[in-house]
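Residue strings, one per chain:
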Amino acid sequence: MSGASGGEKRPPPNWILQHPAYQQMKDLQVGDSAQVHAAFLVYMDLTEVRRWKEVSCVKSPELQVVLLEAREKEGAPTLTILPLPAHQSVTHKSIRHVLDRGFPMLLCAVAADSTLVYQRMTDGLVTPDPPVGPFQDVGRRQHRKRRQQR
């Protein structure tokens, strides 16, 4: 039945290639189409899912990648996001280049199935926040005594 009544149906155009943000990223001419695709997926997540503000793309000439700059909410500090396909390796030097831009940094690994994993990167070590909740500190001695009583 299909195709018998006239012209052949063409598949719909790939909407990603038509998107203005994707076109803007392509215009930066970084050369790595997988990284541009990863940057676009992160852009869409930040703008459409997480509703971040002032999301824009910039080229890193040293790294030849598309970086994103965004604010989590109005008045929040600007963050630099480095989107990378999960199979692509990252070096200390590339992280240093991004951190030297002067903004806090997020590294976003983009899997082949479009899963996104964000990791906050810092300049040096950061002490973690203490745990929150009704926790009791059960020391090793108390645990050992219970085992000996059994």
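Residues numbered from 1 in each chain as written. Predicted model: local features only at pLDDT ≥ 70, side-chain atom pairs only at ≥ 80, totals over all residues. Heavy atoms only, no water.

- The name recorded for the chain in an unreviewed UniProt entry is tRNA-splicing endonuclease subunit Sen15 domain-containing protein, from Oreochromis aureus.
- Within the UniProt record for the chain, the comment given under Sequence similarities (unreviewed entry) is "Belongs to the SEN15 family." (UniProt positions renumbered as here; feature names shortened; annotations may be inferred.)

## Observations concerning the sheet that holds strand 1 (residues 53-60)
Item 1. Spatial strand order, 1-2-3-4-5: five strands in an open sheet with mixed pairing. Of all the strands in the sheet, just strand 1 and strand 5 (116-121) have a single pairing partner and so form its edges. Strand-to-strand twist in this sheet, taken as the mean axis angle between neighbours without regard to direction, amounts to 25°.
Item 2. In this structure, strand 4 (residues 105-110) lies alongside strand 5, joined through six bridges in antiparallel fashion. Paired with Cys108 across the strands is Tyr118, a residue of strand 5. (Pairing = 2+ DSSP bridges. Helix = DSSP H or I, 4+ residues; strand = E, 2+ residues; numbered from the N terminus. Axes fitted to C-alpha atoms, helices over the stretch in contact; angles between N-to-C directions.)

## Describing the pattern of salt bridges
Item 1. Under the defined criterion, the tally for this structure stands at six salt bridges.
Item 2. Its salt-bridge partner being Arg50, residue Asp45 comes within 2.7 Å of it at the nearest N-O pair.
Item 3. Accessibility expressed as a relative area gives 42% for Arg50, which makes it partly exposed.
Item 4. A salt bridge links Asp123 to Arg96, with the nearest nitrogen and oxygen atoms 2.6 Å apart. One end of the pair, Asp123, is in the loop between strand 5 and helix 5 (140-149); the other, Arg96, is in helix 4 (residues 92-99), and 27 residues separate them in sequence.
Item 5. Since its relative accessible area comes to 59%, Asp123 is described here as exposed.
Item 6. Put simply, Arg96, Asp100 and Asp123 are held in one network by salt bridges that share partners. (Salt bridge = Lys/Arg side-chain N within 4 Å of Asp/Glu carboxyl O. Buried < 20%, exposed > 50% of the residue type's maximum accessible area, 1.4 Å probe, protein only.)

## Let's talk about the packing of helix 2 (residues 20-27) against helix 3 (residues 33-49)
Item 1. Packing of helix 2 against helix 3 leaves a shortest axis separation of 10 Å and a crossing angle of 145°. Helix 2 and helix 3 meet at a crossing whose hand is right-handed. In this structure, helix 2 uses Ala21, Tyr22, Met25 and Lys26 to contact helix 3, whose residues at the interface are Val36, His37, Ala39, Phe40 and Tyr43.
Item 2. The class makeup of the residues in the contact of helix 2 with helix 3 is seven nonpolar, one polar and one charged. (Left-handed = near helix turned anticlockwise from the far one by under 90°. Contact = heavy atoms within 4.5 Å. Nonpolar A, V, L, I, M, F, W, Y, C, P; charged D, E, K, R; others polar.)

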